[in-house]
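In case you want the letters, here they are:
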Amino acid sequence: MSLIRRVSSILTYKKIITLPCPQQTNNYDCGVFAMYFLEEVFKYRKMCSSTCLEDGLSLNTNFDATVYRWKILCKVCNFLKPKSCDLLVSNDSPCSKNISYPSSKQITISKTSDISLGTKLKKSASMKPLKNVVRIFGDSHGRDSVDNLNRSELEKTTSGFIMPSAKFNPIVNNIKSGTRDLSNNDHVVIVGGANDVYCNQAGSFLKSMLSLLQVLNFTNVLISTIPIRYDLPEWSCVNEEIRKTNSRIKQYRGRMQNVKVIDLTDLKREHFTRHGLHLNWRGKKRMTDKIKTILDEKGNNTVIELQYDLSHRGN
């Protein structure tokens, strides 16, 4: 509203209308909501060009941003597919709860080193799907991981779902719904928990992580430690909590045979941006190299399903 008031002097049509609309409950879905609003307005204008929006436009107040984000991905994949191919993924309605996530046999992600889009599509149509799948789920620290792994010529189909500034529970929800088709030859990479520790919720994060690892006992899991914050003193209570949390995370690789740990505790100041909070390109490359090293290890593609007895643990 304040923006409209500031530019009202240059608007030729100054009527302001308000409509009931869904509201985001986090700080990273703003773009998804904006795209949904624009799509609904254009759809309505295409059908009723002469009717005022407030007289007929109805927005779904139960809008699901996660499902709509998947719909956007479906449209992009199907737009880029070769004309001779069928749909790569089904394109369900934005508020459908029954979306099936595509498997590695449905989507092949080409290497970023290909010369052109035409080359990518040609190779994508001719190549057989890679046997093993790597799916990366994370917060801001996981950005660019997929591109970096593809540039490293990793012989696996790599995809990712990154939620900047997200706490761990929203990431967990995406992991549970986005790993249903994986097998014991595939890998899930988890980069998260930093925002929980920053908010003094390390205990809740560790509990959620342990519960998630129990669910993921059918596939291989890589979990990262939490990078130290260089925008705070080394002796700060936040960094002390990060060190304690990382110590707990490292214990998982000894207790669960399908779990590997991406150890980021050796990252230095040079691996972070100027303000010291986020990883720069050096830090992200270092993390990617660590992920690739673990993925290239022999014998890490076999999962032993374990039953975890947590009755001895306190709250």
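Residues numbered from 1 in each chain as written. Predicted model: local features only at pLDDT ≥ 70, side-chain atom pairs only at ≥ 80, totals over all residues. Heavy atoms only, no water.

Caption draft 1: Expanded view of the overall build of the chain. The secondary structure content of the chain amounts to eleven helices and five strands. Taken over 315 residues, the chain has a buried fraction of 41%. Partitioning the contacts of the chain with sequence separation of at least 6, the portion at a separation of at least 24 is 71%. By element, 52% of the accessible surface of the chain is carried by carbon and sulfur atoms, the whole surface being about 18,000 Å². (Helix = DSSP H or I, 4+ residues; strand = E, 2+ residues; numbered from the N terminus. Buried < 20%, exposed > 50% of the residue type's maximum accessible area, 1.4 Å probe, protein only. Contact = heavy atoms within 4.5 Å. Areas by Shrake-Rupley, 256 points an atom, 1.4 Å probe, with all protein chains shown as cover.)

Caption draft 2: A look at the sheet that holds strand β1 (residues 133-138). A sheet is described by the order of its strands in space; here five strands give the open sequence β2-β1-β3-β4-β5, paired in parallel fashion. Edge positions in the sheet fall to β2 (157-162) and β5 (259-262), since each has one partner strand and no second. Averaged over all pairs of adjacent strands, the angle between their axes in this sheet comes to 20°, without regard to strand direction. For strand β4 (residues 220-224) and β5, the ladder comprises four bridges, and the chain directions are parallel. Residue V221 lies in a different strand from β5, and its bridge partner there is V259. Along the sheet face, helix α10 (residues 237-255) touches β4 and β5 and points at about 145° away from the line of β5. Where helix α11 (residues 281-296) meets the sheet, its contacts fall on β1, β3 (187-191), β4 and β5, and the angle it forms with β5 comes to roughly 155°. (Pairing = 2+ DSSP bridges. Axes fitted to C-alpha atoms, helices over the stretch in contact; angles between N-to-C directions.)

Caption draft 3: Quick look at the pattern of salt bridges. Summed over all chains, the structure comprises eleven salt bridges. Taking the shortest distance from any N to any O, the salt bridge between D263 and K250 comes out at 3.5 Å. Of the two residues, D263 is situated in the loop between β5 and α11 and K250 in helix α10; the sequence distance between them amounts to 13 residues. Taking the relative accessible area as the measure of exposure, D263 reaches 23% and is therefore partly exposed. Here K292 ties to D296 by a salt bridge, and the two come within 2.8 Å at their closest N and O atoms. (Salt bridge = Lys/Arg side-chain N within 4 Å of Asp/Glu carboxyl O.)

Caption draft 4: Examining α10 more closely. With 19 residues, α10 should reach 27 Å at 1.5 Å per residue; the first-to-last C-alpha distance of 28 Å fits that figure. For α10, the complete set of buried residues consists of V238, N239, I242, T245, N246, I249 and Y252. Down the axis of α10, the smallest arc covering the buried residues is 120°, so these residues share one side. Within α10, the exposed residues directed more than 90 degrees away from the buried face are C237 and G254. Those residues of α10 that are buried are in contact with α8 (194-198), α9 (202-215), β4 and β5. (Expected span 1.5 Å × (residues − 1). Arc of directions from axis to C-beta.)

Caption draft 5: Local environment of the environment of E39. Here E39 is to be found in helix α2 (residues 30-47). A residue is classified by how much of its surface remains accessible, and E39, at 15% relative accessible area, is buried. Not counting residues up to four positions away in its chain, the partners in contact with E39 are Y68, K71 and K75.

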